[in-house]
Amino acid sequence: MRTRLVPVVLAAVFAAPLAASSASRPPTESQPQAGGVTAYVVPGVRTREQRTTVARTGTDIVEVRRGAVTVLATRTERRALARLGFRVRLLRRPLDFPPADAAYHNYAEANADINQLAADHPATVHLFSFGSSYEGRDLVGIRISNDATDRLDEPGVLYVALHHAREHLTVEVALSIAHLFAESTDPAITQLVATRQIYFLVQMNPDGSEYDIATGSYRSWRKNRQPNAGSSYVGTDPNRNYGYRWGCCGGSSGFTGSSTYRGPSAFSAPEVVRVRDFVDTHPNIRISISYHTYGDLILYPYGYTYTDVPSDMTQLDHDTFVAMAREMARTTGYTAEQSSDLYITDGDYNDWMYGAKRMYPFTFELGGGTFYPGAGIIASESVKNHAAAIYVAQMADCPTRAVGVTCDGSPPPPPPPAPPPPRPVTAVPNSFTIYSGTRTAGDVTALGADDGALLQIASTTSGTRVTSWYGRITGVPNALTALSGTYRGSHSASCSQGVYLYNWSSGTWARFSATTAGTVENEAAFSPTSSLASYVSGPSGNGDVAMRVHCTRSSNFTTSAELMKVTYTPAQQNLLR
Ligand code: 3K0
Ligand code: ZN
């Protein structure tokens, strides 16, 4: 069984203002954040009552130090603190990832990277805002396309990352894919940039993400940072707040302290509303990937039910999901399955994107084996996801093409014509070898046709008289589906004749014909029915067939060989590589 962290009610631990204290903990804090929250030190806060007073302004206490607290506060909250008589001092150092994970992009760094990408590729990388987070951070979107303005008549593909705050690897993978589309000169990718609108919502939940790293060590935060009325617990799970069968099926929690709290109503989380509005205004989007961690999975709808094809899904769409997911599983190494095969979810992005919008969404649970897999995994996990990202962009004009159904009403292109079935081939000896007897007339060419030309071999002249010889036929494939042998000849007097093929596997002659043959030309025709390749030398490719004729009598005789040939049918080549 796959070992995997399932969201649990961790939020109860983390949702209340943090009052952990450590004088030895390194200072963590900050310049003004790009969103509406700034980190401050508030000195003179020594008692729990004072900390409660600070917390009740709505500020987020992220660290308790000797005689002071570090808080994240909006401008309004900072004014409230001032009105209460607290001195508020701005912190200089940025809130950020632990030093070992410095390669990860925090909110400001991701935006700086995106800005640089746009500056470097002004013709194809276009930035937009799709609104603000609860704490006022700008929600930055990227559109990659040759078109200066958004073209809703072109197929769209949407990549979303960071529904869940602690799933920082998703930002890195999404950024990597944006760089791929912006920077690659591969014609397959530039063609997509020319014919698609490629959208990225790289940091869907920046408040939660910044909160997760605010102390310089991870808090395992999952939700957004929206307060809940009448509760000290903060946050809604964005991936339970979408408005398709919201809260229907036991796949989310109604408890504000739960990490899967669905919110008081569908679309109550501002970040989810912003995603909804973006999708609502982009009906050209056909396929989407929402990146999560972790589990090495590719999930397709639905999450709300275990039923594979419920009444709100067509069989064609189901088959399309399965075909696309399997293709992407092939390139990522992840496992493709229905969302509910992991566990029941309701109100998630996938279900809404398909159930309400009839787009084709996939949730990727990236690898790493933990929410915090370290910086070393960023490059490999990103590259691992490139082919799937390209694939969905390619399929965005017609996802059902994955199951052979075209979107323009025309029938699917005919399959390539089947190669003609292999034809039987006849081959004759290139050489012969005499075991017993002496050649008296003719040569190997006499064996190649039934034309009266003869190869003649005189028997031995003492004891039991014998003619024994074989012809060797080269260029016969080991891969064959039929094999037959023919020998025609006569003798100057009747003798006991056997005709054989050499079995190269066992090292023995296998007799296929035994007869008394005399002066009238006779034919031995035979067809081995099994182990055909054992009559061809070598393990594969082309080899030789050896056919032996042996005759004995008590007095001298001469063998006249008229024709020796084999007919074989090569096996069909497998053209699929
Ligand atoms: O569609 C789904 O099954 C979503 C799975 C997702 C979630 O929202 O529970 N897993 S995660 O929280 O561990 N990223
Ligand atoms: Zn997640």
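Structural data are supplied above this passage.
The structure displayed is predicted, hence computed values, not measured ones.

Trainee: Before we go on, may I ask you to explain the sheet that holds strand β5 (residues 125-132) in this structure?
Mentor: Two orientations exist for strands paired in a sheet by backbone hydrogen bonds: parallel and antiparallel. Read across the sheet, eight strands follow the order β5-β6-β8-β7-β9-β12-β10-β11 without closing on themselves; strand pairing throughout is mixed. In the strand order of this sheet, the two ends are held by β5 and β11 (335-338), each with one partner. Ignoring strand direction, the axes of neighbouring strands in this sheet form an average angle of 20°. Alignment of strand β7 (residues 156-161) against strand β8 (residues 197-201), held across five bridges, turns out to be parallel. Bridging from a neighbouring strand, Gly 156 pairs with Gln 197 of β8. Sheet strands in contact with helix α9 (residues 315-332) are β9 (285-293), β10 (297-300), β11 and β12 (360-366), and its direction is about 30° off that of β12.

Trainee: Explain the packing of helix α5 (residues 169-183) against helix α13 (residues 386-395) here, please?
Mentor: Geometrically, a packed helix pair is captured by the angle between its two axes and the distance between the axes. Their axes nearest at 10 Å, the elements α5 and α13 cross at an angle of 60°. Classified by the interaxial angle, the pair formed by α5 and α13 is oblique. Like other packed secondary-structure pairs, α5 and α13 cross with a definite hand, here right-handed. Here Ser 176, Ile 177, Leu 180 and Phe 181 of α5 come into contact with α13, specifically with His 386, Ala 389, Ile 390 and Ala 393. Among the residues forming the contact of α5 with α13, the class breakdown is six nonpolar, two polar and no charged.

Trainee: Is there a simple way to think about the packing of aromatic side chains in this case?
Mentor: The way to describe two aromatic rings as a pair is by their centre distance and the angle between their planes. The full count for this structure, using the stated rule, is 31 aromatic pairs. The interplanar angle of 80° and the centroid separation of 5.2 Å between the aromatic rings of Phe 321 and Tyr 354 together place this pair among those described as edge-to-face. Residue Phe 321 is located in helix α9, and its partner Tyr 354 is located in helix α11 (residues 349-355); the two are separated by 33 residues in the primary sequence. Each member of the pair, Phe 321 as well as Tyr 354, carries the same accessibility label: buried. Over the face of the ring belonging to Phe 371 we find Arg 166, whose NZ or CZ atom lies 4.1 Å from the ring centre. The ring of Tyr 211 has Arg 219 sitting right over it, with the charged end atom 3.7 Å from the ring centre.

Trainee: What is the right way to look at the pattern of salt bridges in this model?
Mentor: Oppositely charged side chains are able to pair whenever their charged atoms sit close together. Within the structure shown, the criterion is met by 20 salt bridges. Measuring nitrogen to oxygen at the nearest pair gives 2.8 Å for the salt bridge that ties Glu 135 to Arg 137. Looking at Arg 137, the relative accessible area reads 2%, which means it is buried. For Asp 277, the salt bridge identified is with Arg 276, shortest N-O distance 3.2 Å. On the basis of relative accessibility, which here comes to 30%, the residue Asp 277 falls in the partly exposed class. Salt bridges sharing partners connect three or more residues here, namely Asp 147, Arg 151, Asp 153 and Glu 154.

Trainee: Explain the environment of Ala 427 to me, please; I cannot follow it from the model alone.
Mentor: With respect to the helices, strands and loops of the structure, Ala 427 is situated in strand β13 (residues 425-427). Other than its neighbours up to four places away in sequence, Ala 427 contacts Ile 473, Lys 565, Val 566 and Tyr 568.

Trainee: Please explain α5 as it appears in this structure.
Mentor: Every α-helical turn comprises 3.6 residues, leaving residues that sit three or four positions apart pointing alike. The end-to-end C-alpha distance of α5 is 21 Å, a good match for the 21 Å that 15 residues give at a rise of 1.5 Å each. Judged by how many residues are buried, α5 sits mostly within the fold: 13 of 15 residues are covered.

Trainee: Looking at this structure, I do not really get helix α3 (residues 75-83). What am I missing?
Mentor: Among all positions in α3, only Glu 77, Ala 80 and Leu 81 are buried. Buried residues of α3, seen end-on, are gathered within an arc of 100° and therefore sit on one face of the element. Exposed residues pointing more than 90 degrees away from the buried face of α3 are listed as Arg 75, Thr 76 and Arg 83. Of the surrounding elements, those touching the buried residues of α3 are β1 (38-43), α2 (48-55) and β3 (68-73). The first or second residue beyond α3 is Gly 85, which carries a positive phi of 95°.

Trainee: Help me understand the state of the cysteines in this model?
Mentor: Cysteine pairs can be covalently joined through their sulfur atoms, and such a bond is termed a disulfide. Applying the stated rule across the entire model yields three disulfides. Between the sulfur atoms of Cys 398 and its disulfide partner Cys 407 the distance amounts to 2.0 Å. One disulfide, between Cys 398 and Cys 407, carries an S-S torsion of 85° and so falls in the right-handed class. Residue classification places Cys 398 among the buried positions, given a relative accessible area of 4%. Each sulfur of the disulfide joining Cys 495 and Cys 551 lies 2.0 Å from the other. Negative torsions about the S-S bond denote left-handed disulfides, and the value of about 100° found for Cys 495 with Cys 551 makes this one right-handed.

Trainee: Mind showing me how you'd approach a nonpolar patch on the surface here?
Mentor: Residues Leu 316, Val 403 and Val 405 make up a contiguous nonpolar surface patch of roughly 180 Å² in combined accessible area. For Val 405, the position within the fold is in the loop between α13 and β13.

Trainee: Would you explain the sheet that holds β3 in this entry?
Mentor: Read across the open sheet, the four strands follow the order β2-β3-β1-β4; overall the sheet is antiparallel. Of all the strands in the sheet, the pair left with one neighbour each is β2 (60-65) and β4 (89-90). The pairing of β2 with β3 spans five bridges and is classified as antiparallel. The partner of Val 64 across the bridge, within β3, is Val 69. Sheet contacts for α3: β1 and β3; angle to β3, the most-contacted strand, approximately 145°.

Trainee: Looking at this model, I keep getting lost on the site of ligand 1. Mind explaining?
Mentor: Inspection of the region around ligand 1 gives 15 residues, with Arg 222, Asn 239, Arg 240, Tyr 343 and Glu 365 positioned closest. Here Arg 222 contributes a side-chain N or O atom positioned 2.5 Å from an oxygen atom of ligand 1. Here a nitrogen atom of ligand 1 sits 3.1 Å away from a polar atom, N or O, in the side chain of His 292. By residue class, the composition of the shell around ligand 1 is three nonpolar, six polar and six charged.

Trainee: Would you take a moment to explain the environment of Leu 95 for this structure?
Mentor: Along the chain, Leu 95 falls in the loop between β4 and α4 (107-120). Judged by its relative accessible area of 2%, Leu 95 falls in the buried class. Linking Leu 95 and Ala 174, residues 79 residues apart in sequence, is a C-alpha distance of 22 Å.

Definitions and limits used
- Along each chain, the written sequence defines residue order, and numbers are assigned to residues from 1.
- The naming scheme follows written order: chains are lettered A onward, ligands numbered 1 onward.
- pLDDT decides what is reported in this predicted model: residues at 70 or higher carry local features, side-chain atom pairs at 80 or more are listed and counted, and totals for whole chains, interfaces and linings draw on all residues regardless.
- The side-chain numbers reported here are obtained from all heavy atoms of the structure, hydrogens and water having been left aside.
- One bridge is not enough; two strands pair if DSSP finds at least two bridges between them.
- Only DSSP runs of H or I covering at least 4 residues are called helices, and only runs of E covering at least 2 are called strands; the numbering of each starts at the N terminus.
- Only the stretch in contact is used when a helix axis is fitted, and all axes are lines through C-alpha atoms; the angle between N-to-C directions ranges over 0 to 180 degrees.
- Contacts are assigned to residue pairs with any non-hydrogen atoms lying within 4.5 Å of each other.
- The scheme is simple: roughly parallel for angles under 35 degrees, roughly antiparallel for over 145, roughly perpendicular for 65 to 115, oblique for anything else.
- In this scheme the crossing of two helices becomes right-handed for a clockwise turn of the near helix relative to the far one and left-handed for an anticlockwise turn of less than a right angle.
- As a working rule, the residues Ala, Val, Leu, Ile, Met, Phe, Trp, Tyr, Cys and Pro are called nonpolar, Asp, Glu, Lys and Arg charged, and the rest polar, with Gly in that last group.
- Stacked, tilted and edge-to-face are the three classes assigned to paired rings of Phe, Tyr and Trp, where Trp is represented by its six-membered ring and a pair needs centres within 6.5 Å; plane angles under 30 degrees give stacked, over 60 edge-to-face, the rest tilted.
- For every residue, the accessible area obtained with a 1.4 Å probe (protein chains only) is divided by the maximum for its type, and the residue is called buried under 20%, exposed over 50%, and partly exposed between those limits.
- Only Lys NZ and Arg CZ are tested; either one counts as a charge over a ring when it is within 6 Å of the ring centre and within 35 degrees of the ring normal.
- Salt bridges are defined by distance alone: a side-chain nitrogen of Lys or Arg within 4 Å of a carboxyl oxygen of Asp or Glu.
- Expected span, for any helix, means 1.5 Å times one less than how many residues it has.
- Within this analysis, the arc is defined by the directions that extend from the helix axis to the C-beta atoms.
- Defined by distance alone, a disulfide is two cysteine sulfur atoms within 2.5 Å.
- The residues that make up patches have over 30% relative accessible area and no salt bridge, and they are joined within 9 Å when like-charged or within 5 Å when they are Val, Leu, Ile, Met, Phe, Trp or Tyr.
- Accessible surface area values rest on a Shrake-Rupley calculation with a 1.4 Å probe, where residue burial reflects the displayed protein chains alone.
- Note on definitions. A residue lies near a molecule or strand when any single heavy atom of the residue is within 4 Å of it.
- Under this definition, polar contacts are N or O atom pairs within 3.5 Å; protein pairs additionally need one hydrogen-donor-capable and one acceptor-capable atom, and for neighbouring residues in sequence, both atoms have to be side-chain atoms.

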